[in-house]
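Analysis of the macromolecular model
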Amino acid sequence: MRVPASQGEAGTRSLLMTMSEHTPTPISDGLGRGQRAGVLVVGLLLIVHSALVALWLAPPSPVRDLIGSSVLDTYVDPYFEQGTDMVGVGSNRVDEALSLRASVRPEGGGEPAVTRWIDVTAVDTQAIRGSVDPSRAHQVARRVAANLNFALFALNPEQRQIVADTGADAPVGQLERQLRSSGGNSSDSTNFLANDQMATQFASLWLGAALPDVELLQVQYRVGRRVVPQRAKHDAPALADIDYDWFSVGWRSTFRAEPEARAAFADHVGGVSSE
């Protein structure tokens, strides 16, 4: 049956109206005009920053000379406080050390004497110099030093003074009470006491192996830390040229370990001495 033209046109209009009602609404990115402008500005700033840092790190060139090294240095430092060697492979900015000494008495008797300080981390560094596969045992002293420095920095000045003044005759419980009564976070005191015990045990085992011909009476340790100033100057000092800032604790009672532990340290320290 033939449909009248008027009915066909009406049906077409009805279909188009129905389709327009169900046309999907365009998905918005959720950003207004101001937000888009902000994103654009941030992107441009990142590009400019990356370009300036790249020029600052680059060797002398006409473009670098045109901007000027002083301008680049002023931008990168002090706002970012980093030196050109911060991105270098193997560059060190912080170094930590552990030194030990002991109060000893000759096996045949005699007056007690105090040994010289022994920088155990320096001994380990010398032992692994040139080694492509150094033993993990040579990293223990540096890890002990890093943990001690972290624990000591967490204490307040009064607590650090207590640690320095406390001797071997003071029970651990007394030291703990003094630290807790001097303010600060109790967990920081607990953390230091744990690291202090670990350092005392390490010092007793290491010195006992290094000094087998004397009686070990007491041990003492000190930790050092040195940091290269983070400057944008090309003549910044190397890490090896910076002196350590040392912190010494009081004397500690000697720790007597199991024979297996003493034998292991004797092999390790003996190997270090022979190297």
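**A word on helix H7 (residues 157-165)**
For H7, the complete set of buried residues consists of Gln159, Ile162 and Val163. Each buried residue of H7 lies within a common arc of 100 degrees when the element is viewed along its axis, so the set occupies one face. Turned more than 90 degrees away from the buried face of H7 sit Pro157 and Asp165, all of them exposed. With a side-chain oxygen lying 3.1 Å from the backbone nitrogen of Glu158, the N-terminal cap of H7 falls on Asn156.

**Some remarks on the packing of H7 against helix H8 (residues 172-180)**
The geometry of H7 relative to H8 is characterised by a closest axis approach of 9 Å and an angle of 160 degrees between their N-to-C directions. In terms of orientation, H7 lies roughly antiparallel with respect to H8. The handedness of the crossing between H7 and H8 comes out as right-handed. Where H7 approaches H8, its residues Gln159, Ile162 and Val163 are matched on the opposing element by Leu175, Gln178 and Leu179. In terms of residue class, the contact of H7 with H8 is built from 4 nonpolar, 2 polar and no charged.

**Points about the nonpolar core**
General note: in soluble globular proteins, nonpolar side chains tend to be found buried as a group. One finds Leu98, Leu100, Phe192, Phe202, Trp206, Leu207 and Tyr221 to be the most contacted residues of the largest nonpolar core, which totals 34 residues. Of all the elements in the fold, those that place two or more residues in this core are strand E1 (94-106), helix H6 (140-154), H7, H8, helix H9 (186-210), strand E4 (214-227) and helix H10 (259-274). Counting residues per element, this core draws most heavily on H9, which supplies 9 residues. Apart from residues no more than four positions distant in its own chain, Tyr221 is found in contact with Leu98, Ser99, Leu100, Trp117, Leu148, Phe192, Asp196, Ala199, Thr200, Phe247, Ser248 and Val249.

**Quick look at the environment of Thr166**
Here Thr166 is to be found in the loop between H7 and H8. On the accessibility criterion, Thr166 (8% relative accessible area) is buried. In the structure, Thr166 is positioned 84 residues away from Gly250 in sequence and 5.2 Å away in space, judged by C-alpha atoms. In this structure, Thr166 is in contact with Leu175, Gln178, Gly250, Trp251 and Arg252, ignoring residues within four places of it in sequence.

**What about the environment of Gly183?**
Take Gly183: it is sitting in the loop between H8 and H9. By relative accessible area, Gly183 is classed as partly exposed at 30%. In this structure the C-alpha to C-alpha distance between Gly183 and Leu155, which are 28 residues apart in sequence, comes to 9.0 Å. Residues contacting Gly183, with those up to four places away along its chain left out, are Asn156 and Gln159.

**Structural notes on the packing of aromatic side chains**
Throughout the structure, instances matching the rule amount to 2 aromatic pairs. Ring geometry for Phe202 and Phe265: centres 5.8 Å apart, planes at 70 degrees, overall edge-to-face. Separated by 63 residues along the polypeptide, Phe202 in helix H9 and Phe265 in helix H10 bring together distant segments of the chain. Its relative accessible area of 8% is what places Phe202 among the buried residues. Judged by relative accessible area, Phe265 falls into the buried class, the value being 19%. Seen in terms of ring centroids, Tyr244 and Trp246 are 5.2 Å apart; in terms of plane orientation they differ by 50 degrees. Their pairing is tilted.

**Description of the pairing of E1**
Judged from the 13 bridges that link them, E1 and E4 form a sheet pairing that is antiparallel. When the sheet's bridge partners are listed, Val104 is paired in E4 with Leu216. With 2 bridges joining them, E1 and strand E3 (residues 118-119) adopt antiparallel strand pairing. Note that in E3 the partner of Ser99 across the bridge is Asp119. Here 2 bridges tie E1 to strand E2 (residues 113-114), and the two strands are oriented antiparallel to one another. Looking at E2, one finds that Ser103 is bridged to Val114. Between the end of E1 and the start of E2, which pair antiparallel, lie 6 residues, with Gly109 showing a positive phi angle near 105 degrees.

What counts, and where the lines are drawn
- Residues numbered from 1 in each chain as written.
- Predicted model: local features only at pLDDT ≥ 70, side-chain atom pairs only at ≥ 80, totals over all residues.
- Heavy atoms only, no water.
- Buried < 20%, exposed > 50% of the residue type's maximum accessible area, 1.4 Å probe, protein only.
- Helix = DSSP H or I, 4+ residues; strand = E, 2+ residues; numbered from the N terminus.
- Arc of directions from axis to C-beta.
- Polar contact = N/O pair within 3.5 Å; in protein donor to acceptor, adjacent residues only side chain to side chain.
- Axes fitted to C-alpha atoms, helices over the stretch in contact; angles between N-to-C directions.
- Parallel < 35°, antiparallel > 145°, perpendicular 65-115°, else oblique.
- Left-handed = near helix turned anticlockwise from the far one by under 90°.
- Contact = heavy atoms within 4.5 Å.
- Nonpolar A, V, L, I, M, F, W, Y, C, P; charged D, E, K, R; others polar.
- Core = buried A, V, L, I, M, F, W, Y, C linked by side-chain atoms within 4.5 Å.
- Phe/Tyr/Trp six-rings, centres within 6.5 Å; stacked < 30°, edge-to-face > 60°.
- Pairing = 2+ DSSP bridges.

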